[in-house]
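# Structure at a glance
The lines below spell out each chain.
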Amino acid sequence: MTITLEGRRALVTGGSSGIGEAIARALGAAGAKVAVNCNSHPEQGEAVAQSIRDQGGQAFSVQADVSNPEAVAAMFKRLEAEWGGIDILVNNSGMDGKPAPVWEIDLESWRKVIEVNLFGAFHCAREALGRMVAQKSGVVLNITSVHEEIAWSGFSAYCASKAGVSMMTKTLAQEAAPYGVRVLALAPGAIKTPINKNVWDNPEGLKDLLNKIPLNRMGEASEIGNMAVVLVSDVAAYLTGRTVVVDGGMTDYPDFAHGG
Ligand code: BGC
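In this text, all values refer to a predicted model and were calculated from it rather than measured experimentally. (Residues numbered from 1 in each chain as written. Predicted model: local features only at pLDDT ≥ 70, side-chain atom pairs only at ≥ 80, totals over all residues. Heavy atoms only, no water.)

## Re the site of the ligand
All residues adjacent to the ligand are Asp96, Ser145, His147, Trp152, Tyr158, Gly189, Ala190, Ile195, Asn196 and Met250. In this structure, His147 approaches the ligand through a side-chain N or O atom, which is 2.7 Å from an oxygen atom. With respect to the ligand, the side chain of Asn196 contributes an N or O atom lying 3.2 Å from an oxygen atom. In isolation the ligand exposes 310 Å². Once the protein is present, 88% of that is buried. (Near = heavy atom within 4 Å. Polar contact = N/O pair within 3.5 Å; in protein donor to acceptor, adjacent residues only side chain to side chain. Areas by Shrake-Rupley, 256 points an atom, 1.4 Å probe, with all protein chains shown as cover.)

Below, the structure written as structure tokens:
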């Protein structure tokens, strides 16, 4: 079995660092043309695109705030101008938000997490699926989290946004399936990236985190990148409307290993 994305036109949101960067690189290595979206650090997005080009691939970076529908529309126009359309959308852009219990949270910061994680995925899926349904092919891969399922104190907006994207995935999959278009989600567990550096960078935090992971290690971003390639490829042609969880067993309730 060989996996190739040769000739496929992909967009990865939040592709300038962490999991998004790993996905962009993995898609590029599998032969896809990759548009690397970023917002606050355009130079990092360009560096990822450049490194894909250095490997002999095709890539460009595109700056856009995914929570802004006009900016998203302009980003898709750019894709059309460059490559004539899109075959793969990876909705990866997201933020954890500042932790606070609900009674202390600042409304604007709660709204921001929902705007980026849920509306952002929605705006991009809307633009992509209109095009994919018309061409009767394509895949949308939404990056959620184990927190589409596991509650996380202090992160109510994050958990609500990821559960929302999960249900949106199932619904959009139903809408797009008659046109041969797949919509699915990938839920990473604790992957070692800048987003959770405050945890893995301190020994106490890391020890506590590893207790929650049966495989007893954090995941590597490349492990999510590789799985993303599988899921958007034809190897997964019969998979739609579901979340694939890649978490070292985090959702397997590791405390039950010590008795129920
Ligand atoms: C969060 C990380 C966290 C992981 C496991 C992810 O969705 O972005 O900060 O380490 O879930 O809790």
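The rest of the description comes next.
## Observations regarding empty space enclosed by the protein
Overall, the coordinates contain 1 cavity of 30 Å³ or more when judged by the stated rule. When its volume is computed, the largest cavity comes out at roughly 60 Å³. Lining of the largest cavity is provided by Thr13, Val66, Asn91, Asn92, Ser93, Val116, Asn117, Gly120, Ala121, Ile143, Lys162 and Val165. Counting only elements with at least two residues in the lining of the largest cavity, the list comes to α4 (107–135) and α5 (156–176). Top contributing element to the lining of the largest cavity by residue count: α4, with 4 residues. (1 Å grid on protein atoms, 1.4 Å probe; cavity = no way out; pocket = protein on both sides within 12 Å on 5 of 7 lines; lining within 4 Å. Points joined across faces, edges and corners; volume = space filled by probe spheres on them. Helix = DSSP H or I, 4+ residues; strand = E, 2+ residues; numbered from the N terminus.)

## Here's the deal with the nonpolar core
Among the nonpolar cores identified, the biggest contains 33 residues, and Leu5, Ile23, Leu27, Val34, Val90, Leu141 and Leu186 are the most heavily contacted of them. Once residues within four sequence positions are removed from consideration, Val90 is found in contact with Leu11, Val12, Thr13, Ile23, Leu27, Leu141 and Ile143. Grouped together as the second largest cluster of nonpolar side chains are 28 residues, Val66, Leu79, Ile86 and Ala173 included. (Core = buried A, V, L, I, M, F, W, Y, C linked by side-chain atoms within 4.5 Å. Buried < 20%, exposed > 50% of the residue type's maximum accessible area, 1.4 Å probe, protein only. Contact = heavy atoms within 4.5 Å.)

## A look at the environment of Asp201
By secondary structure assignment, the location of Asp201 is in the loop between α6 (197–200) and α7 (203–210). For Asp201 and Lys98, which are 103 residues apart along the polypeptide, the C-alpha to C-alpha distance reads 18 Å.

## Things to note about unusual backbone geometry
Unlike most non-glycine residues, Asn216 shows phi in positive territory, near 60°. Checked against the element boundaries, Asn216 lands in the loop between α7 and α8 (221–232). A positive phi angle, near 50°, is found at Tyr253, a position not held by glycine. When you line up the elements, Tyr253 lands in the segment after β7 (243–246). The exposure class of Tyr253 is exposed, given its relative accessible area of 58%.

## Quick notes on the packing of helix α1 (residues 18–29) against α8
The contact between α1 and α8 brings their axes to 8 Å, and the two run at 50°. Considered as vectors, α1 and α8 are oriented oblique to each other. Seen along the crossing, α1 lies across α8 with a hand that is right-handed. Residue-level contacts link Gly18, Ile19, Ala22, Ile23, Ala26 and Leu27 of α1 to Ala221, Ser222, Ile224, Gly225, Asn226, Ala228, Val229 and Val232 of α8. Taken together, the residues that form the contact of α1 with α8 break down as 10 nonpolar, 4 polar and no charged. (Axes fitted to C-alpha atoms, helices over the stretch in contact; angles between N-to-C directions. Parallel < 35°, antiparallel > 145°, perpendicular 65-115°, else oblique. Left-handed = near helix turned anticlockwise from the far one by under 90°. Nonpolar A, V, L, I, M, F, W, Y, C, P; charged D, E, K, R; others polar.)

## Observations concerning the pairing of strand β2 (residues 33–38)
The side chains of a regular strand alternate, first on one face of the sheet and then on the other. With respect to burial, β2 is a largely interior element, 5 of its 6 residues being buried. Looking at chain direction, strand β1 (residues 9–12) and β2 are connected through 4 bridges and run parallel. Counted as the bridge partner of Arg9 is Lys33 from β2. Both β2 and strand β3 (residues 59–63) contribute to a ladder of 5 bridges, which runs parallel. Residue pairing for β3: Ala35 is matched across the bridge by Phe60. In the classification by handedness, the crossover that spans β2, the intervening helix α2 (residues 42–54) and the parallel β3 is right-handed. (Pairing = 2+ DSSP bridges. Right-handed = clockwise from strand over helix to strand, strands pointing away.)

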